[in-house]
Amino acid sequence: MGAWVFAAAIASAATASAQDVKHYRFAYDQPRNTGYSIAGDLFADKLKELSKGSIIIDQYPGAQLGQEPQILQLVKAGDVDFAIVSSANTATISPQAGVMSLHFLFRNEAHVIKGLADPQVFEAIKTMIDETTQGLHVIGTGSQGVRHIYSKKEIHKVDDIKGMKIRVQATATEDTMFPAYGAQTVHMPFGSVYTSLQTGVVDAAENSINVYLVNKHYEVAPVLSITEHEANNALVFISDKLWQSLSAEQRQWVLAAAAEISAKEPAKAFELERTAAAKLKSLGVKIVEDVDKRSFTTIADPYLDKLAKELGPHAEKIKNLIRAIN
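Residues numbered from 1 in each chain as written. Predicted model: local features only at pLDDT ≥ 70, side-chain atom pairs only at ≥ 80, totals over all residues. Heavy atoms only, no water.

Moving on to the nonpolar core. In terms of nonpolar packing, the biggest core is built from 55 residues, with Ile161, Tyr181 and Phe237 touching the most fellow members. Of the residues forming this core, the biggest block, six residues, is contributed by helix α6 (residues 119-132). Every residue in contact with phenylalanine 237, bar those within four places of it in the chain, is listed here: Leu72, Val75, Asp81, Phe82, Ala83, Val85, Thr90, Ile129, Leu136, His137, Val138 and Ile139. Core analysis: the next-biggest nonpolar cluster, separate from the first, contains 26 residues, Ile38, Ala39, Phe82 and Trp243 among them. (Core = buried A, V, L, I, M, F, W, Y, C linked by side-chain atoms within 4.5 Å. Buried < 20%, exposed > 50% of the residue type's maximum accessible area, 1.4 Å probe, protein only. Helix = DSSP H or I, 4+ residues; strand = E, 2+ residues; numbered from the N terminus. Contact = heavy atoms within 4.5 Å.)

What follows covers the pairing of strand β4 (residues 136-151). The buried fraction of β4 is high, at 16 of 16 residues. By the bridge criterion, 12 bridges tie β4 to strand β8 (residues 223-239) in an arrangement that is antiparallel. Note that in β8 the partner of glycine 140 across the bridge is valine 236. (Pairing = 2+ DSSP bridges.)

Another point: the packing of helix α2 (residues 35-50) against helix α11 (residues 248-282). Viewed as axis vectors pointing N to C, α2 and α11 meet at an angle of 145°, and their least axial separation amounts to 8 Å. Between α2 and α11 lies a crossing of right-handed hand. In this structure, α2 uses Gly35, Tyr36, Ile38, Ala39, Leu42, Phe43, Lys46, Leu47 and Leu50 to contact α11, whose residues at the interface are Trp253, Val254, Ala256, Ala257, Ala258, Glu260, Ile261, Lys264, Glu265, Lys268, Ala269 and Leu272. For the contact of α2 with α11, the class distribution of residues is 15 nonpolar, one polar and five charged. (Axes fitted to C-alpha atoms, helices over the stretch in contact; angles between N-to-C directions. Left-handed = near helix turned anticlockwise from the far one by under 90°. Nonpolar A, V, L, I, M, F, W, Y, C, P; charged D, E, K, R; others polar.)

So, on to the packing of helix α12 (residues 293-311) against helix α13 (residues 313-324). α13 packs onto α12 with a crossing angle of 145° between their chain directions and a minimal axis gap of 7 Å. Of the residues in α13, those in contact with Leu304, Asp305, Ala308, Lys309 and Leu311 of α12 are Ala315, Glu316, Lys319 and Arg323. Here the residues of the contact of α12 with α13 sort into four nonpolar, no polar and five charged.

Mapped onto the fold, histidine 148 is located in strand β4. There is a polar contact of 3.4 Å between the side chain of histidine 148 and the backbone nitrogen of threonine 227. For histidine 148, the side chain forms a polar contact with the main-chain nitrogen of glutamate 228, separated by 3.2 Å. Setting aside residues up to four positions removed in sequence, histidine 148 forms contacts with Ala205, Glu206, Asn207, Ile209, Leu224, Ser225, Ile226, Thr227, Glu228 and His229. (Polar contact = N/O pair within 3.5 Å; in protein donor to acceptor, adjacent residues only side chain to side chain.)

Once that is clear, we can look at the confidence of the model for the protein. Taken residue by residue, the protein gives an average pLDDT of 93. The fraction at 70 or more is 94%. Residue range residues 11-16 is modelled with pLDDT below 50. Its contacts to residues more than four positions away, or to other chains, number zero contacts. (pLDDT = per-residue confidence, 0-100.)

What follows deals with the pattern of salt bridges. Within this structure, the stated rule accounts for 12 salt bridges. The shortest N-O distance in the salt bridge between arginine 274 and glutamate 109 comes to 2.9 Å. With arginine 274 in helix α11 and glutamate 109 in helix α5 (residues 109-117), the pair connects residues that are 165 residues apart, well separated along the chain. Arginine 274 gets classed as partly exposed once you look at its relative accessible area, which sits at 46%. Here glutamate 109 falls in the partly exposed class, since its relative accessible area comes to 30%. The shortest N-O distance in the salt bridge between glutamate 228 and lysine 293 comes to 3.3 Å. Residue glutamate 228 is found in strand β8, and its partner lysine 293 is found in helix α12; the two are separated by 65 residues along the sequence. (Salt bridge = Lys/Arg side-chain N within 4 Å of Asp/Glu carboxyl O.)

Three- or four-residue spacings in an α-helix give side chains the same orientation, since the helix completes a turn every 3.6 residues. For α6, which comprises 14 residues, the first-to-last C-alpha distance of 20 Å matches the rise-based estimate of 20 Å (1.5 Å per residue) to within 8%. Among all positions of α6, only Val121, Phe122, Ala124, Ile125, Met128 and Ile129 are buried. Angularly, the buried residues of α6 cover 165° about the axis, an arc narrow enough to put them on a single face. Facing away from the buried side of α6, by more than 90 degrees, are the exposed residues Pro119, Gln120 and Glu131. Elements in contact with the buried residues of α6: α4 (87-90), α5, β4, β8 and α13. (Expected span 1.5 Å × (residues − 1). Arc of directions from axis to C-beta.)

Listed below in structure tokens is the structure:
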């Protein structure tokens, strides 16, 4: 009888500890083997370690739970717990987030990595989201490298995109900058880009090298021109519903795990970009490296201050902080 009671107690304790384990959903619209999945893995591993296995992150890659604008709404509603979303698509709920999409705001790869890890920049982004929208909070930053233009033709200078229909993210920044270069902007969900390039609905699209590779856009747009016009920034979100339900200790674990993304993911994303470029070359993709960036920056630079100011005070502050980083 004593042995049975002891066994029952052990079973009961095991059930209790299993019940103490909480699973949370982390969503993103890119496949595995991208900067987003690196972020998801860093976050999940750190949170599991800090919580001693009591918090488990279940990742939902490849837009399983929707494209980025839908994911943001699900996080706001508390139906998705965590997400990593581009700062450009964040502009659908907080227009001032478009500041992160300003063309040539970041000078180079090192500037992106340093800027995204900067505590003042992070604090300014967090405050912007908290003061301009409800239902979610920024807990970290991430990257998918920088964006380039891809199509069926080579682009060596700004004049080469005149009259082209380019699929861009739906932000005021993009809708100002590409027409300034002489191109036409077209908005569509990311999932529709492949077919639109294939059928000629658009002449070109723009994204980071690894995103171009893993989504096989090179099959329908086999020329990648290294324009480096925009940093492919991302923000990591937690739903306010979940945040309010966490204990002080659990909140600290979440913030520490998110800080792991800000500190480590951008550099890993750029490593992925280099690997992707080598793979694309082996697949026969034409990579145009000698793009005259000055032909773009001559047009873009005057817009930096103007657009940031038009977006609002949070945007202007973030722009100034990023530009001040050496």
